[in-house]
Amino acid sequence: MKAVTWQGRRKIEVATVPDPQIVHPTDAVIEVTTTGLCGSDLHLYEVLGPFLDAGDILGHEPMGVVAEVGTEVRRLKVGDRVVVPFNVSCGSCFMCERGLHSQCETTQVHEYGSGASLFGYTKLYGQVPGGQAEYLRVPFADALPIPVPEGPPDDRFVYLSDVLPTAWQAVVYADVPPGGSLAVLGLGPIGDMCTRIAAHRGADTVIGIDLVPERLARAAGHGVQVYDLTQYGDELVEAVRKATGGRGPDAVIDAVGMEAHGSVAVAAVQTATGLLPDALASALMRKAGVDRVGALRLAIELVRRGGTLSLSGVYGGAADPLPLLTMFDKQIQLRMGQANVRRWVDDLLPLLTDEDPLGVDGFATHHLPLDDAPGAYADFQGKRDSMVKVLFHP
């Protein structure tokens, strides 16, 4: 089969690899019909190479049709249409029963002290082959895949794999009071969807902050108050405070993560770390902070006293300094973590109707064949071609 593979820093290739096989009797194999390119994939493209091997299959946002099932699979059958969550969760352990599927005890990666395994996402999370491929092996086939109805196009459902539950959890964690205010840093796929969900859930003032004109215009088109970071610069915090009663927003979502703009020195460290031999680089990244925390520091400055920060952007460094004195003084609440995808499915499925209140049908900016993946990664990383959300079709 064809699959998108990592071959080195900023080097993505579509290669021919062996088809996946049923390994355990509870497995299924799906034929992938649509699979997404996520902002988190860019961390693999740029920063997290020390935790990858050449040939690793990328991608964690797939959906498709069941092609084969193991002998102990009872709830799925060949031909069923399913979405596959990005975290590999068993559905029955202590953590899964409490809605913490991203902490699944069955698939935790003890070697690295990590939570649940993830499709297509480094040794830190199990080095499980990903979904940017023609076929995908899916463990726990009776508990993990999300069955979806026939009829509507893939665009209606594919975001259940990551974008929708990640954004939904970020907004829930932000805990915006009824009629309150929320600022979202970063208007990529997750940040953009956060603004839509926040408005749907009753936030009165939704603010979006970015520096890419096309992303700002896209968010403004569905009623978000947008602020261009390049235009406001050091005056951004004061401008947002003026728009939120002089106090700052009730909550801020950081949808940017480890590769935020604004730290040339840390960007250089990230680049240098990626050029070290893997053993040295991985040890450094696990014990030292190599994230650009500009977005997080801005979130701390923006949020009102007693407000909430919700982190959905991925951070990788183990020892990044945080302004704990400021956080303590402002009495900030902080919530974060990988999305517990299966936890939020029952909340989200009723919204994927013909009325399409979250605008999922038109959410993708690019539909591309899998063969175009190398160029799409480069364009997405460079924020070119008005690219916000890419869907590949094997």
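The numbers attached to residues start from 1 for each chain and follow its sequence in the written order. Predicted model: local features are reported for residues with pLDDT of at least 70 only, side-chain atom pairs are reported and counted for 80 or more only, and whole-chain, interface and lining totals are derived from all residues. Only hydrogens and water are removed before side-chain values are computed, so all heavy atoms of the structure are retained for them.

**So, the overall build of the protein**
Logical step 1: Helix and strand definitions follow DSSP, with helices as H or I runs of at least four residues and strands as E runs of at least two, each counted in order from the N terminus. Within the protein, the secondary structure is distributed over 13 helices and 16 strands.
Logical step 2: Burial classes: relative accessible area under 20% of the type maximum marks a residue as buried, over 50% as exposed, and values in between as partly exposed (1.4 Å probe, protein chains only). Out of the 394 residues belonging to the protein, those deemed buried represent 55%.
Logical step 3: Residues count as neighbours in contact if any of their non-hydrogen atoms are within 4.5 Å of one another. Sequence separation of at least 24 residues holds for 73% of the intrachain contacts in the protein that already meet a minimum separation of 6.
Logical step 4: Note on areas: these come from Shrake-Rupley sampling with a 1.4 Å probe, and a residue is covered only by the protein chains present in the view. Total accessible area on the protein stands at roughly 16,000 Å², and carbon and sulfur atoms take up 51% of it.

**Concerning the sheet that holds strand 10 (residues 205–210)**
Where strands meet in a sheet, backbone hydrogen bonds hold them as pairs that are either parallel or antiparallel.
Logical step 1: The parallel open sheet is built from six strands, whose spatial order is 11-10-9-12-13-14. Strands at the two margins of the open sheet, each flanked by one partner only, are strand 11 (225–228) and strand 14 (333–336). The mean inter-strand angle of the sheet, taken between neighbouring strand axes irrespective of direction, is 20°.
Logical step 2: For two strands to count as paired, DSSP must find a minimum of two bridges between them. The sheet contact formed by strand 9 (residues 181–185) and strand 10 spans five bridges and is parallel. Bridging across to strand 10, V184 finds its partner in G208.
Logical step 3: Note on definitions: angles span 0 to 180 degrees between N-to-C directions of axes, and those axes are lines fitted to C-alpha atoms, for helices only across the stretch in contact. Here helix 4 (residues 189–200) sits on the sheet in contact with strand 9, strand 10 and strand 12 (251–254), set at roughly 170° to strand 9.

**Description of the nonpolar core**
Most often, soluble globular proteins keep nonpolar side chains buried together rather than apart.
Logical step 1: Counting 69 residues, the largest nonpolar core has Y159, L160, L164, M193 and I253 as the members making the most contacts within it.
Logical step 2: No other element matches helix 3 (residues 163–174), which puts seven residues into this core.
Logical step 3: For this analysis, a nonpolar core means a set of buried residues of the types Ala, Val, Leu, Ile, Met, Phe, Trp, Tyr and Cys, connected via side-chain atoms within 4.5 Å. If you look at the next biggest cluster of nonpolar residues, it comprises 21 residues, including A183, V252, V303 and L309.

**Looking at the side chain of D356**
Logical step 1: Tracing the chain through its elements places D356 in the loop between helix 12 (341–348) and strand 15 (366–369).
Logical step 2: Only four residue types enter the tally: Lys and Arg on the positive side, Asp and Glu on the negative side, with His and both chain ends excluded. The working definition used for a salt bridge is a side-chain nitrogen of Lys or Arg within 4 Å of a carboxyl oxygen of Asp or Glu. Buried charge without a salt bridge: D356, with R156 as the nearest opposite-charge side chain at an N-O distance of 5.1 Å.
Logical step 3: Contacts described as polar in this section are N or O atom pairs within 3.5 Å, which, within protein, must combine one atom able to donate a hydrogen with one able to accept it, while residues neighboring in sequence count only if both atoms come from side chains. A polar contact is formed between the side chain of D356 and the backbone nitrogen of D361, at a distance of 3.1 Å.
Logical step 4: Once residues within four sequence positions are removed from consideration, D356 is found in contact with L351 and D361.

**As for the pattern of salt bridges**
Where charged atoms of side chains with opposite charge meet at close range, the side chains can pair.
Logical step 1: One pass over the structure, following the stated rule, counts 14 salt bridges.
Logical step 2: Close ionic contact of R137 with D27 constitutes a salt bridge, the shortest N to O distance being 2.7 Å. On the criterion of sequence distance, the pair formed by R137 in strand 7 (residues 135–138) and D27 in the loop between strand 2 (11–16) and strand 3 (28–37) is long-range, its members being 110 residues apart.
Logical step 3: Each member of the salt-bridge network shares a partner with another, and the members are R156, D354 and D361.

**Quick word on the packing of aromatic side chains**
Logical step 1: Ring pairs shown here join Phe, Tyr and Trp side chains whose ring centres sit within 6.5 Å, with only the six-membered ring taken for Trp; geometry is labelled stacked below 30 degrees between planes, edge-to-face above 60, and tilted in between. Within this structure, the stated rule accounts for five aromatic pairs.
Logical step 2: Seen in terms of ring centroids, Y159 and F363 are 5.3 Å apart; in terms of plane orientation they differ by 80°. Their pairing is edge-to-face. Highlighted residues: Y159 in the loop between strand 8 (146–147) and helix 3 and F363 in the loop between helix 12 and strand 15, separated in sequence by 204 residues. F363 matches Y159 in its accessibility class, with the two residues each being buried.
Logical step 3: With a centroid separation of 5.1 Å and 55° between ring planes, the pair formed by Y227 and Y232 is classed as tilted.
Logical step 4: Between R335 and the ring centre of Y173, over which it is positioned, the NZ or CZ distance is 3.7 Å. Look at NZ for Lys and CZ for Arg. If either is within 6 Å of the ring centre and within 35 degrees of the ring normal, a charge sits over the ring.

**Focus on the sheet that holds strand 4 (residues 56–57)**
Logical step 1: Strand order in the open sheet made by the three strands is 2-1-4, with antiparallel pairing throughout. Strand pairing shows two members of the sheet lacking a second neighbour, strand 2 and strand 4, which therefore form its edges.
Logical step 2: Bridge count between strand 1 (residues 2–8) and strand 4: two bridges; the pairing is antiparallel. When the bridges of strand 4 are listed, W6 appears paired with D56.

**Regarding the pairing of strand 10**
Logical step 1: Most of strand 10 sits out of view: six of its six residues are buried.
Logical step 2: Covered by surrounding structure in strand 10 are T205, I207 and I209 together with V206, G208 and D210, the residues of both alternating faces.
Logical step 3: Strand direction decides the pairing type here: strand 10 and strand 11, joined by four bridges, are parallel. What sits directly across from G208, in strand 11, is V226.

**Here's the deal with the environment of G307**
Logical step 1: Looking at where G307 falls in the secondary structure, it is placed in the loop between helix 10 (294–302) and strand 13 (308–311).
Logical step 2: What G307 contacts, discounting residues up to four positions off in sequence, is D250, Q331, I332 and Q333.

**Comments concerning unusual backbone geometry**
Logical step 1: In this structure, D356 takes a positive phi of about 50° despite not being glycine.
Logical step 2: Judged by relative accessible area, which is 15%, D356 ranks as buried.
Logical step 3: Of note in this structure, S386 is not a glycine but carries a positive phi near 55°.
Logical step 4: With respect to the element layout, S386 can be found in the loop between helix 13 (373–381) and strand 16 (390–393).

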